Amino acid sequence: FSDVRMPGDLDGFGLATWIRKNRPELPVILTSGDARKSAAAQAICSEVPFFAKPFDLQSAVVQIRQQIDRPQKP
């Protein structure tokens, strides 16, 4: 679970891309206060939700739990 905007050289898109390449079994959920980032996030993390800020914390917890409990890809 990462914000799209992060300090330093690596943003949330870069993190998600790295995870997809190096740890594809891990789900990635991105969030941002900029709703325009949703399309780019969905392109990288198509099987998981994108959370536009502000989001409901309980909904985020439910979605994260569902991703954790989801069977891993072989």
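All values reported here derive from a predicted model rather than from experimental measurement.

Criteria and thresholds
- Every chain begins its residue count from 1, and numbering advances along the sequence as written.
- Predicted model: local features are reported for residues with pLDDT of at least 70 only, side-chain atom pairs are reported and counted for 80 or more only, and whole-chain, interface and lining totals are derived from all residues.
- With hydrogens and water set aside, each side-chain value is computed from the structure's full complement of heavy atoms.
- When accessible area is computed with a 1.4 Å probe and restricted to protein chains, residues below 20% of their type maximum are described as buried, those above 50% as exposed, and intermediate ones as partly exposed.
- Numbered from the N terminus, helices here are DSSP runs of H or I no shorter than four residues, and strands are runs of E no shorter than two.
- This arc describes the spread of directions from the helix axis toward the C-beta atoms.
- N or O atoms closer than or at 3.5 Å make up a polar contact, with two conditions inside protein: a donor-capable atom paired with an acceptor-capable one, and, for residues adjacent in sequence, both atoms drawn from side chains.
- Under the pairing criterion, centres of Phe, Tyr and Trp rings, with the six-membered ring standing for Trp, must be within 6.5 Å; the plane angle then separates stacked pairs below 30 degrees from edge-to-face pairs above 60, leaving the rest tilted.
- Paired strands, as defined in this entry, are two strands with at least two bridges between them according to DSSP.

Asker: An account of helix α1 (residues 12-22) is needed here, citing residue identities and associated values.
Answerer: Within α1, burial applies to G12, F13, A16 and I19. Summarising the axial view, the buried residues of α1 lie within an arc of 130°, below the 170-degree limit, and thus occupy one face. The backbone nitrogen of F13 lies 3.1 Å from a side-chain oxygen of the residue at the head of α1, namely D11.

Asker: Account for the packing of aromatic side chains, naming residues and giving values.
Answerer: Counted by the stated rule, this structure contains 3 aromatic pairs. Ring geometry for F51 and F55: centres 5.4 Å apart, planes at 50°, overall tilted. Residue classification places F51 among the buried positions, given a relative accessible area of 9%. Assessed through its relative accessible area of 29%, F55 is described here as partly exposed. A network of ring pairs unites the aromatic residues F1, F51 and F55 as a single cluster.

Asker: Can you break down the sheet that holds strand β2 (residues 30-32) residue by residue, with the values?
Answerer: The sheet built from 3 strands is open, its strands ordered β1-β2-β3 with parallel pairing. Both outer strands of the open sheet, β1 (2-3) and β3 (50-52), are each paired with one neighbouring strand and no more. Sheet topology note: the β1/β2 ladder contains 2 bridges and is parallel. In the strand pairing of β2, S2 is matched with L30.

Read these as spatial facts, not as claims about activity.
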